[in-house]
Amino acid sequence: MSLDLSLLPDGGVGWLDASGEHADVVLSTRIRLARNVEGYAFTPRARDGERLRVLAQIRDAVPRVPSLTGSVLLRVDELTTPVRQLLHERHLVSKELAGLESGQDVRTGAALLLGEGVSVMVNEEDHLRLQSLRSGLAVGAAYRAVERLDQELGSRVPYAYHPEFGFLTACPTNTGTGLRASVLIHLPGLVLTKEIAKVLAGLQQMGLTYRGLYGEGSEVVGNFFQISNQTTLGRSEEELIHDLAKVVQKVIEREEEARRVLLRDAGYIIEDKLWRAYGTLRYARSLSLDEAMNYLSGVRLAVGLKLISGLSVYTLNKLLIFCQSAHLAYAEGRALSEAEACQARARYVREALANEAGAQG
Amino acid sequence: MLCENCRENDAVVNLTTIKDNVVTQQHLCEKCAAAKGVETSVTMPKHPLGDFLQAVQQKSLVGADDAPACHFCGASARDFRTTGRLGCARCYGAFERSLRELLRRLHGNSRHTGRRYEPPAPELLERAGSVAQLRERLRRAIDSEQFELAAELRDRLRAVDT
């Protein structure tokens, strides 16, 4: 099945618009709640028939869930691999739901319900992964949206719940609130000043953890880190998100301090390095994804430091998503070899930067 | 390539030893390598909790290996240990004691203090689905050879059908 992405609410990427607080440093805030439907084995142990019944039960409930008004249901299990990759590159589905983990195929009944600002992955590791995604640092707004969705859906569909353990999940690391709040943050200043190791170690002492751009098991590229809570049980939802927000605020301050130090102690070296990154993106004829991510990180830093003006954070956000391989193939309308993808990426980045009013130093 | 020791299994370990300044290389299968005291990572569980669960469960879930499998989904403590995933909501009851201990170690606490939840009243549910659920449980019970449970479920289904 092919997919017309323009039919998705916001193209599924409304959070890229850089409208949120600290949007030049914090790309997005995501909060997810893991829930299971009472009466079925959890997804990994469920049969195809059970997963399809879970999906049918959710589908029937949707018209009575106001948070999902106008939402679109995508049967992920009926999509081709390139389209599933595309959804994963947009951060709309996890690698597991998209069936992209090595040795795994997409599960029968895997689906995505995509509404405005909220979505539900059906038949992920848990039957339901309710999510809310916001631009910038916005844990409060993100939590209110997903909590409302949770209450509306939970009053229509019975959740697996235990008075002592809370919401029951397939993996005991999610039991209790089932809540994972994560903030996608760009920390080039701390990386360049080599302060990052200390900051990351500090996170772990605060009960938080970090991951790469694509969540669990993914590598850190382009100086993007996902900071999230590690525990889900024994603390309330409000405490969990409040603690995360407090620590992220501190990390932002440390990042800003690091940037000031860089400018003060190595101003012209940094300026030269970042303009070279811009030059490469503006004129290169072939770019690997890693190269593109790293240079985009540099240009993003330059915009944050006001060394380059006339370039919007929104454009930089869009480039991060749209210069990935599945997006390039989708735009070209065909599968691309690695070399063709590198050329298409360079062309896409060049044109996007040329379309901006014109960067100035 | 066959194992140079037993010449039966495929060699998966390349063992280099230095003795009296002489370097020797041996290509061994997993079993022969283990016999020579070489740990292979093949037997480690492949989920993120792997190491942690192994360490914890050697203490707390050993006894639970004899605990009966979950009545609803048929999952055993061993299944949990290899996959790191519980089979269903009832597993929390089936392995309650050892799970409470595991949750405490994972989260520093085993008591939920977040939002409470009241399931919707039956008349609000979109689908009762009870017959379908009973049938599913029956299939599952037969598959996992829990014949007593299967008989009970069959009787309940008959009662619903008539």
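What you see is a predicted model; the values in this text were computed from it and never measured.

(A) Structural detail: the overall build of chain A. A tally of helices and strands in chain A yields 10 helices and 10 strands. Compactness check: chain A gives a C-alpha radius of gyration of 21 Å against a globular reference of 21 Å for 361 residues, within 12% of the reference. Taken along the three principal axes of its C-alpha coordinates, chain A extends 65 × 45 × 35 Å. Classification of the 361 residues of chain A by burial places 51% in the buried group. Of the contacts formed within chain A by residues at least 6 apart in sequence, a portion of 71% connects residues at least 24 apart.

(B) Summary view of the pairing of strand 5 (residues 128–135) of chain A. All names here are of chain A. Within strand 5, eight of the eight residues are buried, which leaves it mostly tucked inside the rest of the structure. Looking at chain direction, strand 1 (residues 26–35) and strand 5 are connected through eight bridges and run antiparallel. Residue Arg-30 lies in a different strand from strand 5, and its bridge partner there is Leu-133. The sheet contact formed by strand 4 (residues 118–122) and strand 5 spans five bridges and is antiparallel. Bridge pairing links Val-122 to Leu-128 in strand 5. A loop of five residues connects strand 4 with strand 5, the two strands running antiparallel in sequence, and Asn-123 in this loop sits at a positive phi of about 65°.

(C) Representation of the sheet that holds strand 1 of chain A within the structure. Residues and elements named next belong to chain A. Pairing is antiparallel across the open sheet formed by eight strands, whose spatial order is 2-3-4-5-1-8-10-9. Looking at the sheet topology across the chains shown, the edges are occupied by strand 2 (72–75) and strand 9 (208–211). Across the sheet, the mean angle separating the axes of adjacent strands is 20° when strand polarity is ignored. Direction of pairing for strand 2 relative to strand 3 (residues 111–114): antiparallel, over a ladder of four bridges. Along strand 3, the bridge assignment pairs Leu-73 with Leu-113.

(D) Region of interest: the interface of chain A and chain B. Taken together, the contact between chain A and chain B spans 39 residues of the former and 35 residues of the latter. Secondary structure elements with two or more residues in the side of chain A that touches chain B: helix 1 (48–61) and strand 6 (161–162) of chain A. When residues in the side of chain A that touches chain B are grouped by element, the largest group, six residues, is from helix 1 of chain A. Split into classes, the residues belonging to the side of chain A that touches chain B amount to 14 nonpolar, 16 polar and nine charged.

(E) Spatial organisation of the pairing of strand 9 of chain A. Residue and element names in this part refer to chain A. Alternating positions in strand 9 separate cleanly, Leu-208 and Tyr-210 being buried on one face and Thr-209 and Arg-211 remaining unburied on the opposite face. Of the pairings in the sheet, the one linking strand 9 to strand 10 (residues 224–229) comprises four bridges and is antiparallel in character. Residue Leu-208 lies in a different strand from strand 10, and its bridge partner there is Asn-229.

Definitions and cut-offs
- Residues numbered from 1 in each chain as written.
- Chains lettered and ligands numbered in written order.
- Predicted model: local features only at pLDDT ≥ 70, side-chain atom pairs only at ≥ 80, totals over all residues.
- Helix = DSSP H or I, 4+ residues; strand = E, 2+ residues; numbered from the N terminus.
- Rg over C-alpha atoms; globule rule 2.2 N^0.38 Å.
- Buried ≥ 20, exposed ≤ 12 C-beta atoms within 10 Å, placed from the backbone.
- Contact = placed C-beta atoms within 7 Å.
- Pairing = 2+ DSSP bridges.
- Axes fitted to C-alpha atoms, helices over the stretch in contact; angles between N-to-C directions.
- Nonpolar A, V, L, I, M, F, W, Y, C, P; charged D, E, K, R; others polar.

Everything listed here is a matter of geometry and, on its own, says nothing about what the molecule does.
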